[in-house]
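# Geometric and topological summary
Each chain, letter by letter, is given below.
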Amino acid sequence: NRRIWTRRLGKWRRKSTISPIKFTAIFKKNLTPMENELKKELTDTMDDLKGHFELYVDLYKLKTAKRVSEILSKVLKAFIFISLTLIILMFSSFAMAFYLDSILEIQGIGFALMALFFLVVFICLWIFRRVLLEQPTIKSVINLFFANK
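First, a word on what this report is: a plain description of the structure on this page. Since this is a predicted model, take the numbers as computed values, not measurements.

### Brief notes about the overall build of the chain
In terms of helices and strands, the chain carries four helices and two strands. Going residue by residue from the N terminus, the α and β elements of the chain occur as β-β-α-α-α-α. Long-range contacts, defined here as pairs at least 24 residues apart, represent 25% of the contacts in the chain between residues at least 6 apart.

Spelled out as structure tokens, the structure:
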């Protein structure tokens, strides 16, 4: 037994307490077989619940990893596609500029015409940016995150 000093009515007295270990030992001794079976069932149920919870956590981790990897692969494919398209566009515009120079026989006019062409394309894209760029981009990003497969 532990004894704790308490102050009651101005006097110090010893107060006896039962330790938690002794209390659980007394509690365990006085259980009936039916209570022991119920305790075992509850323990088994809690273990099953812990197992199910861990499985759900693992399932959501796997689903999240799958979605993140799909999104990253699509972003990488889009980056590669856009990069290659820009390189092709750059070299074809150089080729077109040199071709226009040779046809018109004025040095630099082909590059000026190509710059004018790209300026017109830029102005058209700026005017129609919501319809041509913003709305399709928003829809594709939403489809990436919330695709039902």
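Now that the structure is up, let's keep going.
### Observations concerning the packing of aromatic side chains
This structure, assessed with the given rule, holds three aromatic pairs. Three or more aromatic residues joined by ring pairs make a cluster, and in this case those are Phe-94, Phe-98 and Phe-111. The cationic tip of Arg-129 hangs over the ring face of Trp-126; the distance from NZ or CZ to the ring centre is 4.2 Å.

### Comments concerning the packing of helix H2 (residues 33–104) against helix H3 (residues 109–127)
Direction vectors running N to C along H2 and H3 enclose 135°, while the axes themselves pass 7 Å from each other. With respect to H3, the axis of H2 lies oblique. Relative to H3, the crossing made by H2 is right-handed. The segment H2 lies against H3, with Leu-89, Ser-93, Phe-94, Met-96, Ala-97, Phe-98, Leu-100, Asp-101 and Leu-104 engaging Ile-109, Gly-110, Phe-111, Leu-113, Met-114 and Phe-118. In terms of residue class, the contact of H2 with H3 is made up of 12 nonpolar, two polar and one charged.

### Some thoughts on the packing of H2 against helix H4 (residues 129–145)
One can describe the packing of H2 onto H4 by two numbers: an axis separation of 9 Å at closest approach and a directional angle of 150°. Between H2 and H4, the angle falls in the class roughly antiparallel. Of the residues in H4, those in contact with Arg-67, Ile-71 and Lys-74 of H2 are Asn-143, Leu-144 and Phe-145. Among the residues making up the contact of H2 with H4, the classes are represented as three nonpolar, one polar and two charged.

Conventions and cut-offs
- Residues numbered from 1 in each chain as written.
- Predicted model: local features only at pLDDT ≥ 70, side-chain atom pairs only at ≥ 80, totals over all residues.
- Heavy atoms only, no water.
- Helix = DSSP H or I, 4+ residues; strand = E, 2+ residues; numbered from the N terminus.
- Contact = heavy atoms within 4.5 Å.
- Phe/Tyr/Trp six-rings, centres within 6.5 Å; stacked < 30°, edge-to-face > 60°.
- Lys NZ or Arg CZ within 6 Å of the ring centre and 35° of its normal.
- Axes fitted to C-alpha atoms, helices over the stretch in contact; angles between N-to-C directions.
- Parallel < 35°, antiparallel > 145°, perpendicular 65-115°, else oblique.
- Left-handed = near helix turned anticlockwise from the far one by under 90°.
- Nonpolar A, V, L, I, M, F, W, Y, C, P; charged D, E, K, R; others polar.

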